[in-house]
Amino acid sequence: MQTNQLEQFRQQCRDFLAREATPYIAQWEAAGLVSREFWRHAGEAGLLGIGVEAAYGGGAKPDYHYANVLTEELIKAQMTAPVVISHNDVIASYISTHGTEEQKQRWLPGLCRGELIAAIAVTEANGGSNSAELETTAVKEGEYYRVNGNKRFITNGINADLILTAVKTPEVQRGQGMSLLIIERGLPGFTRGEALEKIGWRASDTASLFFDDCLVPCKNLIGHEGLGNLYFMGGMPRERLSISGVAVATAELMLATTLEWVKKRKAFGQTIGSFQHNRFVLAELDTEVKIARLYLNDTINKFNEKTLSVVDAARIKLWSTELQIKVADRCLQLHGGAGYLSDSLIGRCWANSRAQTIYGGTSEVMKEFISKSMGL
Ligand SMILES: Cc1cc2nc3c(=O)[nH]c(=O)nc-3n(C[C@H](O)[C@H](O)[C@H](O)COP(=O)(O)OP(=O)(O)OC[C@H]3O[C@@H](n4cnc5c(N)ncnc54)[C@H](O)[C@@H]3O)c2cc1C
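What counts, and at which threshold
- Residues numbered from 1 in each chain as written.
- Predicted model: local features only at pLDDT ≥ 70, side-chain atom pairs only at ≥ 80, totals over all residues.
- Buried ≥ 20, exposed ≤ 12 C-beta atoms within 10 Å, placed from the backbone.
- Helix = DSSP H or I, 4+ residues; strand = E, 2+ residues; numbered from the N terminus.
- Pairing = 2+ DSSP bridges.
- Domains from an automatic or database assignment.
- Contact = placed C-beta atoms within 7 Å.
- Nonpolar A, V, L, I, M, F, W, Y, C, P; charged D, E, K, R; others polar.
- Core = buried A, V, L, I, M, F, W, Y, C linked by C-beta atoms within 7 Å.
- Axes fitted to C-alpha atoms, helices over the stretch in contact; angles between N-to-C directions.
- Parallel < 35°, antiparallel > 145°, perpendicular 65-115°, else oblique.
- Left-handed = near helix turned anticlockwise from the far one by under 90°.

A. Layout of the pairing of strand S1 (residues 118-121). Residues Ala118 and Ile120 point to one face of S1 and Ala119 and Ala121 to the other, with burial holding for every one of them. Pairing geometry for S1 and strand S4 (residues 162-168), over four bridges, is parallel. Within the sheet, the bridge partner assigned to Ala119 lies in S4 and is Ile163.

Right, dumping it as structure tokens:
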């Protein structure tokens, strides 16, 4: 990692977000989605496809510290981070890793320029935690797959032009009956629901998707039929690492904001932060957040060295997001009523934090992974 280059990149992200995000966030939150102009400008500024090879228009920065710096700056700017992370960290990386040359040329330049927006669709109305229970089917008919089913809670669900969709196909071996298809905007039989109203991440367009005899060209299959679970196992560490990056950055932001608050706000003739109980709460949080930062850096280094296992990624996702919720809760309490206002920074972070132990695999699912690795 080149510290100077990384800091330059941070400044680039910060300047960009101050100019292209901060003035519009309230408007995007009211609309429930980020404007397409933002995506195009982010592409022009080199913030999309950070890890994608230059030949496909990407930033050619495989060092994950860069993607994490963008996450940190998105959080500091209070910009809805999941929309960018899904696009950048999740979908572009699946196409880069498993796509054919033709697919990479067809989609990656548009994703990097922000002309195409991407989503990943796994969760369904009847099941989220167990991806083996998929009900969306894809039946091969000549040059097409006939897709039927639905997806729920999909980030970028309204804006997305490309949807990396998990579908059920015939089992090639026991437990290998899931495939990944890119479903494109405009295909007949593909419709979307309204953006779902959420308690947090309000500018993130989360929607349901419906496939009704939707004919998807076979050339949109990512990798081989039936190996979707295997590809997910390969892609999960990155997705969970990115969620952990959000957790640590948000916890740091909440703690810093709360420290400022408790030094100013007074009760019983003294500052809130001077009561022993509150000093001890903050001392504990400060220690745990510093551990989280070290843990995250170590995990990013492992990811860069290609030694981050699925279980290691589950561990950091579990620990950092549960910590984030704890920090959010304690910090909101220290703000008193002011923290409960929906436009307060701490109130917003608290609501955003609550989704973090749910998407990308719930905390309970993480514990299943971890305990299995312990022979339990
Ligand atoms: C803001 C937001 C954005 C999202 N974005 C996306 C997206 O882009 N793409 C996508 O595919 N999905 C997305 N999701 C969906 C998310 O991944 C699912 O909500 C999540 O996987 C949980 O699935 P579920 O909601 O169906 O919960 P369920 O599977 O119904 O689980 C309900 C509860 O039961 C618990 N549970 C389940 N199994 C066990 C077990 N074995 N032991 C103990 N407890 C268990 C769960 O942990 C959870 O607490 C998003 C969700 C949110 C909130």
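B. Quick peek at the domain arrangement of the protein. Entries for the protein in the domain assignment read domain 1 (3-116), domain 2 (120-226) and domain 3 (229-373). For domain 2 and domain 3, the distance between their C-alpha centroids amounts to 30 Å. Taken together, the contacts link nine residues of domain 2 with eight residues of domain 3. Along the lines of polarity and charge, the residues of the side of domain 2 that touches domain 3 split into five nonpolar, four polar and no charged.

C. Representation of the nonpolar core within the structure. If you look at the biggest cluster of nonpolar residues, it comprises 103 residues, and the most contacted ones within it are Ile91, Ala118, Ala121, Val147, Ile163, Leu164 and Leu181. With 12 residues, helix H7 (residues 228-264) is the largest single contributor of residues to this core.

D. Up close: the packing of H7 against helix H8 (residues 276-304). It is the contact of H7 with H8, at a shortest axis distance of 10 Å, that shows an interaxial angle of 150°. One finds that H7 runs roughly antiparallel with respect to H8. By crossing handedness, the relation of H7 to H8 is classed as left-handed. Residue-level contacts link Pro237, Arg238, Leu241, Ser244, Gly245, Val248, Ala251, Glu252, Leu255, Leu259 and Val262 of H7 to Asn278, Leu282, Leu285, Asp286, Val289, Ala292, Arg293, Leu296, Thr299, Ile300 and Phe303 of H8.

E. Region of the structure containing the packing of helix H9 (residues 310-335) against helix H11 (residues 363-373). For the pair H9 and H11, the least separation of the axes is 9 Å and the interaxial angle reads 140°. It follows from the interaxial angle that H9 and H11 lie oblique. The hand of the H9/H11 crossing is left-handed. Facing Val310, Val311, Ala314, Arg315, Lys317, Leu318, Thr321 and Glu322 of H9, the residues of H11 in contact are Ser363, Met366, Lys367, Phe369, Ile370 and Ser373. Here the residues of the contact of H9 with H11 are counted per class, giving seven nonpolar, three polar and four charged.

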